[in-house]
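What follows is the residue order along each chain.
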Amino acid sequence: MSVEIVLTVIAQDRPGLVERLSDVVERHGGNWIDSSMARLGGEFAGIVQVSLAQGSVDGLEQALAALAADGIHCVVRRDHAARPAEGPHARLEVTGVDHPGIVHEISSALARHGVSIDALETRVFQGSMSGEAMFAASAEIVLPASLTTEQLRDLLEDIAHDIMVDIDIADEATAVA
């Protein structure tokens, strides 16, 4: 019987980290299904979903734990086959001058209204005109059936004004086009 596990990995960034991790997965008969990885602040971090035979899980966990000797730290979680969030999918874009609290304010508002975040990417970059630090976020979100993108846009406009950011929300069909 095949099971799925989710690994989180973090290590000081250097060439060959993905190769080391994928080698361990492959040696234990695992299939690398899905992943998201990035270098952040000199560290390399990621999450990986792997499918493998039930009988291979313990060996894979031990092999991944042994990578700690090389500074590669992994945490393994069994995938509980959670149902995907149901409801309309949309894309949320946030931009503005960087300052503390932007992610917290936006994520708090989304949580209050029952919006699930499927994926979130953020970055800080130098503004082309002013040279100020600018913040940008892009999120794939799932709204509860009782909330439309237009209603969410209205709810977030007050927050956007308060924290001085621009917010754009597009339905998934619109965002893809």
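Check the entry above for the structure.
Caption draft 1: The overall build of the protein chain, seen in detail. Tallying secondary structure elements over the protein chain gives 5 helices and 8 strands in all. Each helix and strand of the protein chain, placed in order from N terminus to C terminus, yields the pattern β-α-β-β-α-β-β-α-β-β-α-β-α. Its C-alpha atoms put the protein chain at 50 × 40 × 30 Å along the principal axes. When burial is assessed residue by residue, the protein chain has 31% of its 177 residues classed as buried.

Caption draft 2: Structural detail: the nonpolar core. Grouped together as the largest cluster of nonpolar side chains are 21 residues, with contacts concentrated most on Leu 92, Leu 110, Ile 141, Leu 152 and Leu 156. Looking at this core, the elements that each hand over two or more residues are strand E5 (89-97), helix H3 (102-112), strand E7 (133-142), helix H4 (149-163) and strand E8 (165-171). With 5 residues, H4 is the single largest residue contributor to this core. By size, the runner-up hydrophobic cluster in this structure holds 20 residues, among which are Leu 7, Val 50, Leu 60 and Ala 63.

Caption draft 3: Layout of the pattern of salt bridges. For the structure shown, the criterion picks out 5 salt bridges. Between Asp 23 and Arg 27 there is a salt bridge whose closest N-O contact spans 2.9 Å. Within this pair, Asp 23 and its partner Arg 27 are both found in helix H1 (residues 17-27), separated by 4 residues, close to a single helical turn. Looking at Asp 23, the relative accessible area reads 30%, which means it is partly exposed. Among the charged side chains, a network of salt bridges with common partners joins Arg 91, Glu 93 and Glu 140.

Caption draft 4: Up close: H1. Among the residues of H1, Leu 17, Leu 21, Val 24 and Val 25 are the ones counted as buried. Looking straight down H1, one finds that the buried residues subtend no more than 100° of arc, so they occupy a single side. Pointing more than 90 degrees away from the buried face of H1 are the exposed residues Glu 26 and Arg 27. Here the buried face of H1 lies against strand E1 (2-12), strand E2 (31-40), strand E3 (43-53), helix H2 (57-66) and strand E4 (73-78).

Caption draft 5: Representation of the environment of Val 75 within the structure. If you trace the backbone, Val 75 turns up in strand E4. Excluding residues that lie within four positions of it along the chain, Val 75 makes contacts with Val 6, Leu 7 and Thr 8.

Rules used in this analysis
Residues numbered from 1 in each chain as written. Predicted model: local features only at pLDDT ≥ 70, side-chain atom pairs only at ≥ 80, totals over all residues. Heavy atoms only, no water. Helix = DSSP H or I, 4+ residues; strand = E, 2+ residues; numbered from the N terminus. Buried < 20%, exposed > 50% of the residue type's maximum accessible area, 1.4 Å probe, protein only. Core = buried A, V, L, I, M, F, W, Y, C linked by side-chain atoms within 4.5 Å. Salt bridge = Lys/Arg side-chain N within 4 Å of Asp/Glu carboxyl O. Arc of directions from axis to C-beta. Contact = heavy atoms within 4.5 Å.

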